[in-house]
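Here is how the chains run, residue by residue.
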Amino acid sequence: MFYDAVEGISRDSLAALQTERLRRSVATCLASPFYGKRLRALGLGPENFNSPDDVRKLPFTVKDDLRAGYPDGFLCQPRDAFIRLHVSSGTTGAPTAVYYTANDVDSWSHLVARCMHAVGLRRGDVFQNMSGYGLFTGGLGIHYGAERLGCLTVPAGAGNSKRQLKLLRDFGVDGVHIIPSYALHFGHFLQQEGIEPGDLKWRFALIGAEPHTERARRRIEELLGLKAFNSYGLTEMNGPGVAFECAAQAGMHVWEDAYIAEIVDPVSGEALPDGEVGELVMTTLCRDGMPLLRYRTRDLTRFIPGECACGRTHRRLDRITGRTDDMIIIKGCNVFPMQIEQALMAMPEVAPNYLIELYQENDMDQIRVKVEIQDEVFAADDRTRAALHKRLVARLRDEILVTPAVELVRRGSIPPAEGKAVRVDDRRVHEDCRSGA
Ligand code: AMP
Ligand code: ZN
């Protein structure tokens, strides 16, 4: 019934498995420059871990640790043991890189195959990956999982809706992976093409990589005429395949044989009781090359109490309801407001004040940057302003990897904030982020 018997393992056996794997991860980490130093300073070794809760003996690992360790301060194996790397999105400042050994790619592919099986895909199905390839883990990560399951896998990549539609039809695609914002866009494209939901053979869409509401999911299901399943992952924890909805669509099972997941109070760092919303903290249990211990994801969510109708024993995470930092995800790209500021401030024509507006159009999140410009440029002719506008859009796109709408405004027209500058005006409607009916 399950892809892997471990999906239905008893909680006791799961705890024993987690403990054994936690010890192994700690032992592996002793070989990394970052953790080796840290663990030795604390006098901690594998023998100190006798239950999954003992993970709390470890300090947190944060994104800045990864940045400081870039490019290879977290590697636990010799260089030639690694066969792949992915880099988290965004181009400014220090990026973070995750390296994979052949075993790591193998166990990751297995987890993704497990997720795809849980929604109902099977060997012999045709699967089209409509998300971007490249450094983004949603490309190769999902691709390898689909092949592992035994699907005929179509590496379509993102965009070019006409070609996507042709592939879907020509190969009789059963399931796709698509980010929610593109799914909505694609749904509207199908409407324009006069294609009714149900005209296509497809039955499953895996949607994730960015926050979306239950309402957006239902809309995607109606527009595309299929079932859509929430998929959660992050580069630091491999990528997709960390937590996934099953056919019950009632929260995402987090694969606890591969990760220890904790929900902590984002301020105190203390564990929160089941059911309370806090920051998700994760420890890898199956990674040889670059294990991470108690990584703070910055994602806010909760464990859904109770058991799932599907019989899987791994706990379920609710939809991600927000972040503890100011990261915004637009069209699948992670954007920090500071990236926008840096791009703008590098241009002398730009005055110091700007505003990032987030809004929704056709159920999709959109970004507009209002930029105050110097008086002499504002007073110049239309051609000069249009040229500046073009350069600004290109510069921002290079920086954040999505094309924002840009509005040039007169200096002084954005009302100054009374206290700390307010740079983001978020007008998106996010009223129903919770899972389930
Ligand atoms: P990246 O490492 O660039 O793939 O980005 C990972 C981040 O994307 C996560 O930390 C979340 O903030 C976000 N994310 C991924 N999957 C989902 C999902 N299903 N729902 C909401 N946010 C998600
Ligand atoms: Zn389930």
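Preceding this paragraph is the structure being described.
Here we summarise the structure given alongside this text. These figures come from a predicted structure and were not determined experimentally.

## Some details on the overall build of the protein chain
Part 1 of the argument: Broken down by element type, the protein chain carries eleven helices and 21 strands.
Part 2 of the argument: In summary, the protein chain has a C-alpha radius of gyration of 23 Å against a globular reference of 22 Å for 437 residues, a match within 12%.
Part 3 of the argument: Seen along its three principal axes, the alpha-carbon backbone of the protein chain occupies a region of about 70 × 60 × 45 Å.
Part 4 of the argument: Within the protein chain, residue pairs in contact and separated by at least 24 positions form 66% of the contacts whose partners lie at least 6 positions apart.
Part 5 of the argument: Total accessible area computed for the protein chain in this model is approximately 18500 Å², and 51% of it derives from carbon and sulfur atoms.
Part 6 of the argument: One finds the centroid of the 54 positive side-chain charges in the protein chain at a distance of 2 Å from the centroid of its 59 negative side-chain charges.

## Considering the pairing of strand 6 (residues 204-208)
Part 1 of the argument: Buried residues dominate strand 6, accounting for five of its five residues.
Part 2 of the argument: Taking every second residue as pointing to the same face, both faces of strand 6 are buried, with Phe-204, Leu-206 and Gly-208 on one and Ala-205 and Ile-207 on the other.
Part 3 of the argument: By the bridge criterion, three bridges tie strand 5 (residues 175-177) to strand 6 in an arrangement that is parallel. Residue pairing for strand 6: Val-176 is matched across the bridge by Ala-205.
Part 4 of the argument: Across five bridges, strand 6 lies against strand 7 (residues 227-234) in parallel orientation. Counterpart to Leu-206 in the pairing with strand 7 is Phe-229.

## A few points about the sheet that holds strand 18 (residues 350-361)
Whether parallel or antiparallel, the strands of a sheet pair through hydrogen bonds between backbone atoms.
Part 1 of the argument: Within the open sheet, the four strands sit side by side as 20-19-18-21. Their pairing is mixed. Strands at the two margins of the open sheet, each flanked by one partner only, are strand 20 (405-410) and strand 21 (424-426). Across the sheet, the mean angle separating the axes of adjacent strands is 20° when strand polarity is ignored.
Part 2 of the argument: Sheet topology places strand 18 next to strand 21; three bridges connect them, and they run parallel. Bridging across to strand 21, Ile-356 finds its partner in Val-424.
Part 3 of the argument: Lying on the sheet, helix 11 (residues 382-400) is in contact with strand 18, strand 19 (364-373) and strand 20; it crosses strand 20 at an angle near 135°.

## Digging into the site of ligand 1
Part 1 of the argument: Taken together, 18 residues are adjacent to ligand 1, and Asn-230, Ser-231, Thr-235, Asp-299 and Asn-334 come closest.
Part 2 of the argument: The separation between a nitrogen atom of ligand 1 and a polar main-chain atom of Ala-209 is 3.1 Å.
Part 3 of the argument: Interatomic distance of 2.6 Å between a side-chain N/O atom of Thr-235 and an oxygen atom of ligand 1.
Part 4 of the argument: Relative to its unbound accessible surface of 500 Å², ligand 1 loses 95% to contact with the protein.
Part 5 of the argument: The element that contributes the greatest number of residues to the shell around ligand 1 is strand 7, accounting for five residues.
Part 6 of the argument: Considering only residue class, the shell around ligand 1 consists of eight nonpolar, seven polar and three charged.

## Quick word on the coordination of the zinc ion (ligand 2)
Part 1 of the argument: Cys-246 (SG), His-253 (NE2), Cys-308 (SG) and Cys-310 (SG) make up the full set of protein donors to the zinc ion (ligand 2), lying at 2.1 to 2.3 Å.
Part 2 of the argument: We note that the donor set of the zinc ion (ligand 2) lies within a single chain, spaced as C-x6-H-x54-C-x1-C. In this pair, His-253 sits in strand 9 (residues 252-254) while Cys-308 sits in the loop between strand 13 (303-304) and strand 14 (316-317), placing the two residues 55 residues apart along the sequence. With respect to class, His-253 is no different from Cys-308; both count as buried.

What counts and what doesn't
Residues numbered from 1 in each chain as written. Chains lettered and ligands numbered in written order. Predicted model: local features only at pLDDT ≥ 70, side-chain atom pairs only at ≥ 80, totals over all residues. Heavy atoms only, no water. Helix = DSSP H or I, 4+ residues; strand = E, 2+ residues; numbered from the N terminus. Rg over C-alpha atoms; globule rule 2.2 N^0.38 Å. Contact = heavy atoms within 4.5 Å. Areas by Shrake-Rupley, 256 points an atom, 1.4 Å probe, with all protein chains shown as cover. Lys, Arg positive; Asp, Glu negative; His and termini not counted. Charge placed at Lys NZ, Arg CZ, Asp CG, Glu CD. Buried < 20%, exposed > 50% of the residue type's maximum accessible area, 1.4 Å probe, protein only. Pairing = 2+ DSSP bridges. Axes fitted to C-alpha atoms, helices over the stretch in contact; angles between N-to-C directions. Near = heavy atom within 4 Å. Polar contact = N/O pair within 3.5 Å; in protein donor to acceptor, adjacent residues only side chain to side chain. Nonpolar A, V, L, I, M, F, W, Y, C, P; charged D, E, K, R; others polar. Donors = N, O, S within 2.8 Å, 3.2 Å for Na, K, Ca; no water.

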